[in-house]
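Descriptive analysis of the structure
Take a look at the letters that make up each chain.
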Amino acid sequence: MNEEIRIHSWPCSYYLDTNKQWVSGRLSLTPVAIKFTADKTGELLVNFHLSGISEIKKESSNLIFSSLTILEKSTKHWFSSLQPNRNVVFNILEHFWREQLLSNEGTGAEAGALQSTKGKELTGLLAGSQKRLEDTAKVLHYQGEQFDNIMRGLNKIEGDMDVADRLLTELESPSWWPFSSKLWKAPLEAKPKETATVSDSKNQEGIIIRIPVIITHRTDSNVKPGKLTLLASGLEISDCNSQVIHRFESKDVDDIRVHTPYEISVRQRFIGKPDTSYRLLSAKMPEAIPILEMQFSKKIQFLEDALAFAGARKSPQVDLGTSIWQAATGLLGGVMQPESPVGGEGMDNEQVQLQSHEKISESEAKELKQILKKLKGLALETEAELERQDEALDSITSSVDRATLNIDKQNRRIKKLT
């Protein structure tokens with residue numbers, strides 16, 4: 001992730017201690033740092049890492065009102081005249097500061113990047129792919145349960161159609177027919193079993209991911225911290241106490257806009273009344289966006305500031321089943337059997353460059369093998385589930401066709417009786 005992405009910026013004043021005066025400018029937040037740039041000179045007066053912050057407070061005095069103070073190591077920075085207001089800036093800065101401290105990229109992010117090896121990079125890439133495939137499997141599992149519920153509903157309809165057919169036969173039969181009472185018993189005895197089957201089909205959907213967010217409702221200037229929960233059937237927005245603020249079913253979402261890699265807006269349109277819209281900002285949003293893109297592929301839109309993020313994320317993983325798999329197996333082959341080429345004479349330049357990199361350690365090779373094994377298992381399970389759902393769709397289509405024909409026939413029989 002590009003560390004120079006500007007997440008947010010606010011007009012404000014900064015107290016320059018060397019000149020004992022307030023300077024107008026803009027306070028900017030990036031994924032890892034806080035900056036302040038003076039309006040008149042364009043000079044960067046403040047630039048420090050989020051991990052270096054000891055405290056963020058809302059303070060005031062006889063001379064300074066509605067101020068925000070940031071204690072960075074032993075230096076205290078004062079910001080005032082914050083727009084739209086102090087609370088908004090405080091909530092957003094505190095959120096990214098705390099998430100930075102909790103993440104693995106905290107104080108050792110820069111040093112870790114310098115010491116990164118190809119083995120670690122590949123492990124991270126495959127681990128991310130494994131997480132994505134697990135999330136996909138959860139969504140497919142929920143869709144499979146929905147198909148099962150549809151099939152149970154269609155079976156119930158077919159049972160009801162049989163009952164209706166028997167009743168029509170009873171009505172069409174002559175009054176002297178001796179077997180009329182038997183036609184009524186079979187469906188009545190089967191009815192409680194159908195009810196029990198439906199009651200057992202209650203679905204307990206799983207949570208795909210839950211992240212802390214800063215919530216803005218519609219065009220309100222105030223923000224508040226909360227949580228975003230992505231479910232297989234939609235998404236849920238709740239406050240810090242886990243009280244649900246709003247729940248969007250998949251069918252309710254009309255569009256999702258990705259403003260930056262860290263900020264999205266979700267909207268449901270209405271006719272004759274205001275739309276329901278929430279703007280969500282989070283340091284963990286890059287983890288949720290790929291899942292949203294998978295669930296709402298036709299409804300998600302990447303705006304200008306987010307297009308680079310989308311392109312950078314997609315480019316190395318265009319084909320998960322080939323590029324990543326070949327890269328991993330090629331590198332592992334080069335490590336375990338360095339004397340024998342992996343791809344033969346037809347190996348492309350990318351694979352040749354991959355083998356020329358530094359050798360990975362034995363522990364990294366074992367970890368990569370384990371991840372590859374899990375990826376292969378997940379891929380097979382996903383493929384089997386997709387095949388099962390294709391068969392279920394065919395079965396559903398044929399059942400609907402049969403039900404339609406039966407309804408037409410029974411309508412004709414009812415017309416004859418009336």
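This structure is a prediction, so every number in the text was calculated from the model and none was measured.

According to the stated counting rule, one finds six aromatic pairs in the structure shown. Seen from their ring centres, Phe96 and Tyr262 are 5.9 Å apart, and the 70° between their planes marks the pair as edge-to-face. You can see Phe96 sitting in helix H1 (residues 86-102) and its partner Tyr262 sitting in the loop between strand S12 (255-260) and strand S13 (263-268), a full 166 residues away along the chain. The exposure class of Tyr262 is buried, given its relative accessible area of 6%. Looking at Lys58, its charged tip hangs above the ring of Phe90, at a distance of 4.9 Å from the centre. Residue placement shows Lys273 over the ring face of Phe270; its charged tip is 4.4 Å from the ring centre.

It is worth spelling out the sheet that holds strand S9 (residues 224-231) at this point. Taken in spatial order, the eight strands of this open sheet run S11-S10-S9-S8-S14-S13-S12-S15, and their pairing is mixed. Looking at the sheet topology across the chains shown, the edges are occupied by strand S11 (244-249) and strand S15 (300-302). Across the sheet, the axes of successive neighbouring strands diverge by a mean angle of 30°, strand direction being ignored. In this structure, strand S10 (residues 234-239) lies alongside S11, joined through five bridges in antiparallel fashion. Of the residues in S11, the one forming a bridge with Leu235 is Phe248. Taken strand by strand, H1 contacts strand S8 (207-217) and strand S14 (276-281), and its axis lies near 155° from that of S8.

Note on placement: Thr276 falls in strand S14. For Thr276 and His246, which are 30 residues apart along the polypeptide, the C-alpha to C-alpha distance reads 9.3 Å. Among all residues touching Thr276, those that are not within four sequence positions of it are His246, Phe248, Val266, Arg267, Gln268 and Phe270.

Along S13, five of the six residues are buried, which leaves the element largely enclosed by surrounding structure. Examined bridge by bridge, S12 and S13 share five bridges and lie antiparallel to one another. Following the sheet pairing, Thr260 is matched in S13 by Glu263. With six bridges joining them, S13 and S14 adopt antiparallel strand pairing. Note on S14: the bridge partner recorded for Arg267 is Ser277.

This part is about a negative patch on the surface. Together, Glu383, Glu387, Asp390, Glu391 and Asp394 give the surface a local cluster of negative charge. One can find Glu387 in helix H9 (residues 362-417). Given a relative accessible area of 46%, Glu387 falls into the partly exposed group.

Conventions used here
- Residues numbered from 1 in each chain as written.
- Predicted model: local features only at pLDDT ≥ 70, side-chain atom pairs only at ≥ 80, totals over all residues.
- Heavy atoms only, no water.
- Phe/Tyr/Trp six-rings, centres within 6.5 Å; stacked < 30°, edge-to-face > 60°.
- Helix = DSSP H or I, 4+ residues; strand = E, 2+ residues; numbered from the N terminus.
- Buried < 20%, exposed > 50% of the residue type's maximum accessible area, 1.4 Å probe, protein only.
- Lys NZ or Arg CZ within 6 Å of the ring centre and 35° of its normal.
- Pairing = 2+ DSSP bridges.
- Axes fitted to C-alpha atoms, helices over the stretch in contact; angles between N-to-C directions.
- Contact = heavy atoms within 4.5 Å.
- Patch = residues over 30% accessible without salt bridge, like charges linked within 9 Å, V, L, I, M, F, W, Y side chains within 5 Å.
- Areas by Shrake-Rupley, 256 points an atom, 1.4 Å probe, with all protein chains shown as cover.
- Salt bridge = Lys/Arg side-chain N within 4 Å of Asp/Glu carboxyl O.
- Lys, Arg positive; Asp, Glu negative; His and termini not counted.
- Charge placed at Lys NZ, Arg CZ, Asp CG, Glu CD.

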